[in-house]
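Close look at the chain arrangement
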Amino acid sequence: MAQALDIENWNLECEFNNKDHHTDLNGADRLIVRRGQPFTISLYLRSGGYQPGLSCLDCIVETGPQPSEQGGTRAFFGLNASVDVSCWSASVSSAPGNMVALCICSPSDAPIGRYTLTLGQSGRVEFVLLFNPWCPGDAVYMDSQQNLAEYVLAQDGIIFRGSSKYPIPTPWNFGQFESGILDASLRILDMSRKCLRDPGKDCSKRGNPIYVTRVLSEMVNCNDDKGVLMGNWSGNYDGGLSPMFWRGSMEILHSWDRNACVPVRYGQCWVFAAVACSVSRALGIPCRVVTNYNSAHDSNSNLVIEHYIDEDGLSTKDQEMIWNYHCWVESWMSRPDLTCEFNGWQASDPTPQEKSEGVYCCGPVPVRAIKEGELTFKYDAPFVFAEVNADVHSFMKKKNGSTKKVVSTTLVGQKISTKSVGSDARDDITHLYKYPEGSEEERQTYSKANHQNKLVLQKENPGLHLTIKVSSEMKKGCDFDVFAVVTNNTAIEKKCRLVFRSCAISYNGVLGGNCSFKDLLNVELSPGAERRVPLRLNYSKYGDQLTEDDLICLTSLLIDYNTGDAMLALRNIVLENPEIKVRILGEPKVKSKLAAEITVRNPLPEPLQGCCFSIEGANLTGGHVITERLNSTVGPGEDAKVKIYFTPSHSGLRKLLVDFDSDRLCHVKGYRNVIIGK
């Protein structure tokens with residue numbers, strides 16, 4: 001007759017199990033394991049010991065507030081000769097005696113979350129179960145160790161901002177293994193509308209990374225629920241912090257979790273994407289942040305962005321926007337709801353732009369589906385397709401009320417970028433979203449997507465060519481020239497009007513104040529001639545107009561008096577901030593106090609006041625931001641310099657993130673890679 005094991009005590013062997021399951025960076029104070037992979041706990045018995053074939057143990061595992069066998073959130077199992085990876089199972093992996101090594105395994109599609117495991121009559125333990133990209137049976141399985149190190153384990157990274165001509169690498173601290181982040185990530189799932197409406201059904205669906213990713217897309221913004229971040233693109237950040245303030249996800253997630261799920265103020269696209277990436281990695285879903293330059297916001301689903309200007313080349317209000325850049329995330333998973341060719345990277349977007357199924361969320365949609373023009377695939381394929389493929393139609397509104405089509409060369413979906421695996425270099429992944437411009441495959445894709453505008457041949461070059469050229473260095477604080485270049489490719493003389501202007505612009509396409517303006521009413525070009533028209537940008541004029549994005553929009557409008565044709569050239573330039581220099585003083589070792597000597601030179605022709613340096617870094621600053629302020633004013637051309645001390649907690653390659661802020665030079669960011677020895 002079988003004899004139930006009489007358990008006196010147990011040891012969850014957290015240090016061993018967590019390391020074996022790649023969760024050791026979460027610490028060893030609790031058991032955190034990944035699904036589809038066995039873990040071992042030690043049982044200490046009161047009497048009788050374990051007897052193979054005679055001893056038995058009834059186990060019950062449960063997750064969620066309404067666990068059920070039907071929903072996959074409760075399971076009963078006993079001892080077997082070996083574990084079965086297709087279901088919850090247990091076996092003994094030690095010799096007979098009073099100490100039993102109990103090996104337990106979950107199925108590779110089990111719902112993730114907090115679990116309670118009941119062992120017989122007296123044992124009750126708790127653990128957290130995560131997605132397992134190391135397990136071939138898991139939907140998020142990734143077979144490259146380099147990719148796993150980058151997209152699951154890396155706690156810091158690079159997000160690209162700036163412009164398509166000048167991508168700027170911005171460091172970010174994802175911090176998914178820092179204290180409290182996993183709990184905040186699980187709470188995000190618990191606070192979703194779907195969970196609050198039907199917690200039993202929601203928890204049973206948490207085994208599906210497609211479902212979880214879509215929930216995160218909704219919950220990282222707060223437009224429909226108690227989500228994490230409130231978006232703000234107004235330039236007025238009263239009652240919160242500028243999106244440029246953030247250097248990492250930890251402060252944001254800690255604040256939301258600590259303050260009863262009150263949305264954190266404020267975020268913009270790269271902040272939304274970075275937080276979604278942190279939470280995805282914390283839960284075990286491989287994830288990366290992607291930047292799309294010249295990103296279209298198609299609000300009426302016609303795959304066309306209509307851009308209107310007046311006769312002075314100034315953009316009018318109330319039109320669809322082309323964002324200078326836009327960030328979203330890609331998560332790695334299989335798509336059993338589609339065919340296998342659409343497995344892999346799935347795009348989702350937590351920035352609230354348009355509603356999907358009644359709420360502000362977007363994706364996940366296979367990146368391959370965007371490239372192939374499969375716009376019926378879930379979720380939100382038409383919107384993402386438009387972001388990288390929409391046509392831009394430009395029109396000039398005349399003073400008499402009439403409208404005229406303008407020839408424009410603006411292209412959306414440029415230099416789609418993400419951080420390279422294993423380095424800080426930019427990886428151009430445009431080819432994953434689009435076939436080459438003008439290729440036969442591109443035309444077939446547009447035909448499949450019913451994108452008739454792209455299939456219409458572009459109007460032939462009217463003979464005049466207009467482009468904008470810029471200086472090699474455009475540093476904030478300096479005066480410099482930009483150029484409108486007009487070429488007459490016809491056999492006749494041309495007489496034209498040229499309007500050339502610059503104005504500040506936010507990264508999401510909202511125009512600010514004018515910086516400079518030139519209107520030449522009589523530009524004459526003989527056949528084959530070229531003319532370069534300079535426009536001077538003086539810091540005295542543009543300095544007070546700049547937004548935090550440091551962007552200036554250059555607009556050149558050319559009107560041919562002979563034909564009445566109009567040509568438009570647009571170019572956004574990003575002004576370069578000074579370099580932050582970081583020296584590490586001391587021997588970089590675990591638990592050894594180090595100093596970061598940080599220097600920034602004031603590039604402006606005016607003094608800086610209220611100078612403040614901040615640093616943070618996963619496993620470097622203890623999950624905190626360390627700040628040092630200067631009491632003195634920093635004059636033009638002078639250096640602002642501080643020493644900030646920190647103590648690393650883990651060995652390996654780490655990123656120390658640095659931020660400099662002042663009254664006139666705001667949110668200058670930099671970083672230093674540091675190898676911490678054991």
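Here the structure is shown first, and the text comes after it.
Read on for a plain summary of the structure. (Residues numbered from 1 in each chain as written. Predicted model: local features only at pLDDT ≥ 70, side-chain atom pairs only at ≥ 80, totals over all residues. Heavy atoms only, no water.)

**As for the overall build of the chain**
Tallying secondary structure elements over the chain gives 14 helices and 41 strands in all. Computed over its C-alpha atoms, the radius of gyration of the chain comes to 29 Å, within 12% of the 26 Å expected for a compact globule of 678 residues. Taken over the C-alpha atoms alone, the chain extends approximately 105 × 60 × 40 Å along its principal axes. For the chain, buried positions account for 55% of its 678 residues. Restricting to contacts in the chain with at least 6 residues of sequence separation, those with at least 24 account for 67%. Carbon and sulfur atoms make up 47% of the accessible area of the chain, which amounts to about 27900 Å² in all. For the chain, the centre of its 71 positive side-chain charges and the centre of its 79 negative side-chain charges are spaced 3 Å apart. (Helix = DSSP H or I, 4+ residues; strand = E, 2+ residues; numbered from the N terminus. Rg over C-alpha atoms; globule rule 2.2 N^0.38 Å. Buried < 20%, exposed > 50% of the residue type's maximum accessible area, 1.4 Å probe, protein only. Contact = heavy atoms within 4.5 Å. Areas by Shrake-Rupley, 256 points an atom, 1.4 Å probe, with all protein chains shown as cover. Lys, Arg positive; Asp, Glu negative; His and termini not counted. Charge placed at Lys NZ, Arg CZ, Asp CG, Glu CD.)

**Brief notes about the side chain of Thr599**
Mapped onto the elements, Thr599 comes out in strand S36 (residues 594-601). Discounting residues that sit within four places of it in the chain, Thr599 has contacts with Glu579, Ile580, Lys581, Asp639, Ala640 and Lys641.

**Some thoughts on the sheet that holds strand S28 (residues 464-470)**
Strand order across the open sheet formed by three strands is S28-S29-S32, with antiparallel pairing between neighbours. If you trace the sheet from one side to the other, it starts and ends with S28 and strand S32 (530-537), each paired once. Strand-to-strand twist of the sheet, defined as the mean angle between neighbouring strand axes without regard to direction, takes the value 20°. With eight bridges joining them, strand S29 (residues 480-488) and S32 adopt antiparallel strand pairing. The residue of S32 that forms the bridge with Val485 is Arg532. (Pairing = 2+ DSSP bridges. Axes fitted to C-alpha atoms, helices over the stretch in contact; angles between N-to-C directions.)

**Points about a positive patch on the surface**
A cluster of basic side chains, namely Lys165, Lys415, Lys469 and Arg532, defines a positive patch on the protein surface. Inspection of the secondary structure assignment puts Lys165 in the loop between strand S13 (156-162) and strand S14 (167-173). Here Lys165 falls in the exposed class, since its relative accessible area comes to 58%. (Patch = residues over 30% accessible without salt bridge, like charges linked within 9 Å, V, L, I, M, F, W, Y side chains within 5 Å. Salt bridge = Lys/Arg side-chain N within 4 Å of Asp/Glu carboxyl O.)

**Considerations on the packing of aromatic side chains**
Applying the stated criterion to the full structure yields 22 aromatic pairs. Every member of this aromatic cluster is reached through a ring pair, and the members are Trp233, Trp270, Phe272, Tyr293, Trp323, Tyr325 and Tyr507. The positively charged end of Lys593 is found above the aromatic ring belonging to Tyr645, 5.1 Å away from the centroid. (Phe/Tyr/Trp six-rings, centres within 6.5 Å; stacked < 30°, edge-to-face > 60°. Lys NZ or Arg CZ within 6 Å of the ring centre and 35° of its normal.)

**Describing the pairing of strand S17 (residues 287-296)**
Among the ten residues in S17, ten count as buried, and that is most of the element. Across nine bridges, S17 lies against strand S19 (residues 322-333) in antiparallel orientation. Residue Cys287 lies in a different strand from S19, and its bridge partner there is Ser331. Bridge count for S17 against strand S26 (residues 414-419) is two bridges, and the pairing is antiparallel. Within S26, the residue paired with Tyr293 across the bridge is Gln414.

**Concerning the sheet that holds strand S3 (residues 32-34)**
Read across the open sheet, the five strands follow the order S3-S12-S11-S6-S7; overall the sheet is mixed. The strands lining the two open edges of the sheet, one partner per strand, are S3 and strand S7 (74-77). If you compare each strand with its neighbour and ignore which way they point, the axes differ by 30° on average. Note: strand S11 (residues 113-119) against strand S12 (residues 123-130), seven bridges, orientation antiparallel. Bridge pairing in S12 links Arg114 to Val128.

**Looking at the pattern of salt bridges**
Taken as a whole and assessed by the stated rule, the structure comprises 35 salt bridges. Between Glu251 and Arg247 there is a salt bridge, with its nearest N and O atoms 3.4 Å apart. Look at Glu251 and you get partly exposed, because its relative accessible area is 30%. For Arg247, a relative accessible area of 3% translates into the label buried.

**Overview of the nonpolar core**
Note on soluble globular proteins: their nonpolar side chains tend to be buried together. Ranked by internal contacts, the top residues of the largest apolar core, which has 62 residues, are Trp270 and Leu283. Per-element accounting of this core gives the leading share, eleven residues, to helix H8 (residues 269-283). Each residue touching Trp270, except ones within four places of it in the same chain, is listed here: Ile159, Arg161, Trp172, Pro243, Met244, Tyr325, Cys327 and Tyr507. In terms of nonpolar packing, the next biggest core, distinct from the first, is built from 54 residues, Leu537, Ile552, Leu608 and Val642 among them. (Core = buried A, V, L, I, M, F, W, Y, C linked by side-chain atoms within 4.5 Å.)

**Let's talk about the environment of Pro263**
Structurally, the position occupied by Pro263 is in the loop between helix H7 (250-258) and strand S16 (264-267). The sequence separation of Pro263 and Gly373 amounts to 110 residues, and the corresponding C-alpha distance is 36 Å.

**What to know about H8**
For H8, which comprises 15 residues, the first-to-last C-alpha distance of 21 Å matches the rise-based estimate of 21 Å (1.5 Å per residue) to within 8%. Most of H8 sits inside the fold, with 15 of its 15 residues counted as buried. Just beyond H8, the residue with positive phi is Gly284, at close to 105°. (Expected span 1.5 Å × (residues − 1).)

**Notes on the environment of Ala81**
Relative to the elements of secondary structure, Ala81 occurs in the loop between strand S8 (79-80) and strand S9 (89-92). Ala81 sits in the exposed class, given a relative accessible area of 81%. Ala81 sits 29 residues away from Pro52 along the chain, and the two C-alpha atoms are 9.1 Å apart.

**Re the side chain of Arg335**
Structurally, Arg335 is set in the loop between S19 and strand S20 (344-348). Within the structure, the side chain of Arg335 is placed 3.1 Å from the backbone oxygen of Lys378, a separation counted as a polar contact. Each residue touching Arg335, except ones within four places of it in the same chain, is listed here: Ile210, Phe342, Asn343, Gln346, Pro364, Val365, Pro366 and Lys378. (Polar contact = N/O pair within 3.5 Å; in protein donor to acceptor, adjacent residues only side chain to side chain.)

**Points about unusual backbone geometry**
As a rule of thumb, non-glycine residues mostly have phi less than zero, and peptide bonds are mostly trans rather than cis. Going from Arg265 to Tyr266, the amide bond is cis rather than trans, its omega being 10°. Counting through the fold element by element, Tyr266 comes out in strand S16. In this chain, Gly363 is followed by Pro364 through a cis amide linkage whose omega measures 5°. Counting through the fold element by element, Pro364 comes out in the loop between strand S22 (359-360) and strand S23 (365-366). Positioned with a positive phi, Asp550 is a non-glycine residue whose angle comes to about 55°. Tracing the backbone shows Asp550 in the loop between helix H14 (539-542) and strand S33 (551-560). Judged by its relative accessible area of 8%, Asp550 is buried. We note that His667 has phi near 50°; this positive angle belongs to a residue other than glycine. Locating His667 in the fold gives a position in the loop between strand S40 (652-661) and strand S41 (668-676). We classify His667 as buried; its relative accessible area is 9%.

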